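# Breakdown of the fold
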Amino acid sequence: MTLDIVLHISGILFLVGISGAQYQPNWKSIDSRPLPQWYDEAKLGIFIHWGVWSVPAYGISESVFFWLWLKQGKPELVEFMKKNYPPTFTYQDFAAKFTAEFYDPDHWVKIFKASGAR
């Protein structure tokens, strides 16, 4: 067992021990726990992770595209790439096509405000 895992397990056991709460492994039990006092006042951030995998914009919406296409050979992604890009096309080749032409920061601000982000 790695030190990282031991520390995580120790932390969880400590928190369970000091809370005195007993929860069962089901949603009803877990959802019955009270929210921490600070939660309603918390400022949670929004993280945007946008990159060249947005260029093909096919099948999935995150950076895992590269792994599913090239490393794992997911059939529908391999077929999509064969149909739309030359055989010598690489992941790095997407960078030249990443123009952000539809980037609209004002629209993003509206979405973030509507979400309650502060």
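Worth saying up front: this structure is predicted, and the values here are computed from it rather than measured.

### Comments concerning the overall build of the protein chain
When helices and strands are tallied, the protein chain shows six helices and zero strands. Element order for the protein chain, N to C, with α for helix and β for strand: α-α-α-α-α-α. Sorting the 118 residues of the protein chain into buried and exposed places 14% on the buried side. Pairs at least 24 residues apart make up 48% of the contacts formed inside the protein chain by residues separated by at least 6 positions. As displayed, the protein chain offers around 10200 Å² of accessible surface, 60% of which is attributable to carbon and sulfur atoms.

### Observations concerning unusual backbone geometry
The backbone of Ala-100 shows a phi angle near 60°, a positive value even though the residue is not glycine. Take Ala-100: it is sitting in the loop between α5 (94–97) and α6 (105–115).

### Quick look at the packing of aromatic side chains
Two descriptors summarise a pair of aromatic rings, namely the distance from one centre to the other and the angle between the planes of the rings. In this structure the tally under the stated criterion is six aromatic pairs. Chaining the aromatic ring pairs together yields one cluster made of Phe-80, Tyr-85, Phe-89 and Phe-94.

### Quick look at helix α4 (residues 75–84)
Buried within α4 we find Leu-77, Phe-80 and Met-81. Down the axis of α4, the buried side of the element spans an arc of 95°, and every buried residue falls inside it. Within α4, the exposed residues directed more than 90 degrees away from the buried face are Pro-75, Lys-82 and Lys-83.

### Quick look at the environment of Phe-94
Turning to its location among the elements, Phe-94 is positioned in helix α5. Classification of Phe-94 by relative accessible area gives buried; the value is 0%. Residues Phe-94 and Val-52 lie 42 residues apart in sequence; the distance between their C-alpha atoms is 5.6 Å.

### Focus on the confidence of the model for the protein chain
With 69% of its residues at a pLDDT of 70 or more, the protein chain has an overall mean of 75. Mean pLDDT in the protein chain bottoms out at helix α1 (residues 3–19), which sits at 52, and peaks at α6, which reaches 89.

### Topic: the side chain of Ser-29
With respect to the secondary-structure elements, Ser-29 resides in helix α2 (residues 27–31). For Ser-29, a relative accessible area of 11% corresponds to the buried category. Setting aside residues no more than four positions away along its own chain, Ser-29 makes contact with Tyr-23 and Gln-24.

Parameters and conventions
Residues numbered from 1 in each chain as written. Predicted model: local features only at pLDDT ≥ 70, side-chain atom pairs only at ≥ 80, totals over all residues. Heavy atoms only, no water. Helix = DSSP H or I, 4+ residues; strand = E, 2+ residues; numbered from the N terminus. Buried < 20%, exposed > 50% of the residue type's maximum accessible area, 1.4 Å probe, protein only. Contact = heavy atoms within 4.5 Å. Areas by Shrake-Rupley, 256 points an atom, 1.4 Å probe, with all protein chains shown as cover. Phe/Tyr/Trp six-rings, centres within 6.5 Å; stacked < 30°, edge-to-face > 60°. Arc of directions from axis to C-beta. pLDDT = per-residue confidence, 0-100.

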